[in-house]
Amino acid sequence: MPASRGAIRMNTWSGRIIPLIAIAANAYVLYVITKSIAVDYLLQPTLNYIPKRRAIATVFIALQYILAIPTFSSWLRYAIAILTNPGYTPQNQKPRRRGSSRTRSSSQRRSRSASRTRDEKRKSDGNMNIDRHAVREGTDPTPPGLEHFYRKQVFTCSTDGVPSFCERCWAWKQDRVHHCKELNRCVSRFDHYCPWVGGIVGETSHKFFIQFAFYASLYSGFIFASCLWAVVQSKKDCHSSPVCNRGWLNPHWIVAIALAGIFGFMAFGITLKFGHSVLKNRTTIEELAMGHPNYCVAIRINPSEIPPVSSDGKPKFWVVPYPFRPQTSGPTDQHSRRNEFLYAILYPKPGSHIWDLGWNRNWRDLMGNHVIDWFLPIKLSPCLDHGNLLSDYPLGKDFEELEKTYLPHRYKNGIRRIPLDEGWVEMTA
Ligand SMILES: [Zn+2]
């Protein structure tokens, strides 16, 4: 459901204000633990009946900084990531289109019902200006950047066989790219815009966001437990003394318990939710769309693989040639055909997720290949490497199942092979 302008503006402003409130709250709890509990209550109690507790004060101060430092560091690393390398994909200047009038006139020629169907389809794809059909047929110019797709063997596209397109950025959306409305940019492996940390969660920042949530939940848990302990102990101290009358309850401790309870509950929930998503290799957007896959998988095929026909005489799948150009005949056409790539457009099963590599590889793909990377907010995620010529992101079992369904001849003794002009080439993971 599209977010309203008001909701987007509110989210953006929340992203500026909430981090400031969180920083102020952190400074406050730092004061409560160090000054109010450790120094004033445990080390230098002003009331005579309260014993000095140096060991506990030392543990409190040490634990506070042991947990505060990684919490702050992971947030800082997150902030550096979104300020220096937020994972935006390139934008293009939206053309003042000569083509728009042509598009309109060609649309007018179609029947009203066909136009309505097209408009509904274009709306569902989020594209209101580009005429995807005309682009695919080569009658409208192709916006820049399509070559990225046909350099790869596999990519995702819309159900019309054309990659998703962002009208706002005037750019093709590569695999797992989504438009962030708050920042008005397309972001690689975009997850969501988080007002609590003050920015986007995308490919370059997802790992640090999860680390921050994890350390923040530990830190909040410590603040909550230590302040609660101070309240209980102070009450015990008071009741065990004949001179105790009132004033044993420090209001700062109650405020800190409330703050730590709220932040800790949220951070723990975020850690569990996003930890689970990482193990499944799904972004929040992908999780929301799981039951209703709204994309197809384009797999490059050899011309010899084209005509598989099912028992009812219909082609098993639809084939789209890339790059897009007008379909003509004659010698020019034959020359163009030598430079085109054929892609089978396949429909994934509902609930499948072609990038699910199994929980172990999913985790390492985002959090790092070494255990130390899971805890230290330093290195970027391995999934930022898009050098593989097969696809932008590694493909998992659901992709294999899909390919086996439509192109079973590609698998021999469990090994995936792709046909080239020179013969079959075995592919290893
Ligand atoms: Zn965009």
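Nothing here was measured: the structure is a model prediction, and the numbers come from that model.

A. Representation of the overall build of the protein chain in the model. Helices and strands together make up the secondary structure of the protein chain, namely 13 helices and 13 strands. Going through the 429 residues of the protein chain one by one, you find that 30% of them count as buried. Partitioning the intrachain contacts of the protein chain with sequence separation of at least 6 by distance along the chain shows that 70% fall at a separation of at least 24.

B. A look at helix α2 (residues 54-84). Taking 1.5 Å per residue, 31 residues should reach 45 Å; α2 reaches 44 Å between its end C-alpha atoms and fits that length. If you check which residues of α2 are buried, you get Phe-60, Gln-64, Thr-71, Ser-74, Trp-75, Arg-77, Tyr-78, Ala-81 and Ile-82.

C. Spotlight on the UniProt feature "transmembrane region" (unreviewed entry) in the protein chain. Here, UniProt's "transmembrane region" (unreviewed entry) annotation points to residues 20-43, 55-76, 212-232 and 252-272. A helix fraction of 100% and a strand fraction of 0% characterise residues 55-76, whose end C-alpha atoms lie 31 Å from each other.

D. View of the sheet that holds strand β10 (residues 341-346). Judged by pairing direction, the sheet is antiparallel, and its four strands sit side by side in the order β1-β8-β10-β9 without closing on themselves. Each edge of the sheet is formed by a strand with only one pairing partner; in this case those strands are β1 (154-157) and β9 (318-322). For this sheet, the mean angle separating the axes of adjacent strands, direction not counted, is 35°. Where strand β8 (residues 296-301) lies against β10, five bridges are found, and the strand directions are antiparallel. If you follow Val-297 over to β10, its bridge partner there is Leu-346.

E. Fine view of the pairing of β10. In terms of strand pairing, β9 meets β10 through five bridges, oriented antiparallel. Considered in β10, the bridge of Trp-318 is made with Ile-345.

F. Region of the structure containing the confidence of the model for the protein chain. In this model, the protein chain carries an average pLDDT of 85, and 85% of its residues clear a pLDDT of 70 or more. Here residues 99-113 is a poorly scored stretch, pLDDT under 50, and it has eight contacts once near neighbours within four places are set aside; other chains count. Note on residues 121-127: pLDDT under 50 across the span, and nine contacts to partners over four residues away in sequence or across chains.

G. Molecular detail of the packing of helix α8 (residues 251-280) against helix α11 (residues 359-367). In the contact formed by α8 and α11, the axes pass within 6 Å of each other and the chain directions differ by 110°. When the axis of α8 is compared with that of α11, the two are roughly perpendicular. Residue-level inspection shows Val-278, Leu-279 and Lys-280 of α8 in contact with α11, the latter providing Trp-359, Asn-362, Trp-363, Leu-366 and Met-367. For the contact of α8 with α11, the class distribution of residues is six nonpolar, one polar and one charged.

H. How the structure looks around the nonpolar core. Counting residues in each nonpolar core, the largest one holds 78 residues, and the members touching the most others are Phe-209, Phe-212, Ala-213, Ile-223, Cys-227, Ala-256 and Ala-260. It is helix α7 (residues 206-239) that contributes the most residues to this core, 14 residues altogether. Beyond its immediate sequence surroundings of up to four residues, Phe-209 is in contact with Tyr-78, Cys-194, Val-197 and Val-201.

I. Just α8, in detail. Between its first and last C-alpha atoms α8 spans 44 Å; for 30 residues at 1.5 Å apiece the expected length is 44 Å, and the two agree. Buried within α8 are the following residues: Trp-253, Ala-256, Ile-257, Leu-259, Ala-260, Phe-263, Gly-264, Ala-267, Ile-270, Phe-274 and Val-278. Packing partners of the buried residues in α8 comprise α1 (5-43), α7 and α11.

J. Layout of the packing of α1 against α2. Where α1 contacts α2, the axes come no closer than 9 Å and their chain directions differ by 170°. Taken together, the axes of α1 and α2 are roughly antiparallel relative to one another. Contacts between α1 and α2 involve Leu-30, Ile-33, Thr-34, Ile-37, Ala-38, Leu-42 and Leu-43 on the former and, on the latter, Arg-54, Ile-56, Ala-57, Phe-60, Ile-61, Gln-64 and Ala-68. In the contact of α1 with α2, the residues fall into eleven nonpolar, two polar and one charged.

K. Structural context of the environment of Lys-94. Here Lys-94 lies in the loop between α2 and α3 (98-109). Since 14 C-beta atoms lie within 10 Å of it, Lys-94 is described here as partly exposed. For Lys-94 and Cys-169, which are 75 residues apart along the polypeptide, the C-alpha to C-alpha distance reads 7.6 Å.

Scoring rules and cut-offs
- Residues numbered from 1 in each chain as written.
- Predicted model: local features only at pLDDT ≥ 70, side-chain atom pairs only at ≥ 80, totals over all residues.
- Helix = DSSP H or I, 4+ residues; strand = E, 2+ residues; numbered from the N terminus.
- Buried ≥ 20, exposed ≤ 12 C-beta atoms within 10 Å, placed from the backbone.
- Contact = placed C-beta atoms within 7 Å.
- Expected span 1.5 Å × (residues − 1).
- UniProt positions renumbered as here; feature names shortened; annotations may be inferred.
- Pairing = 2+ DSSP bridges.
- Axes fitted to C-alpha atoms, helices over the stretch in contact; angles between N-to-C directions.
- pLDDT = per-residue confidence, 0-100.
- Parallel < 35°, antiparallel > 145°, perpendicular 65-115°, else oblique.
- Nonpolar A, V, L, I, M, F, W, Y, C, P; charged D, E, K, R; others polar.
- Core = buried A, V, L, I, M, F, W, Y, C linked by C-beta atoms within 7 Å.

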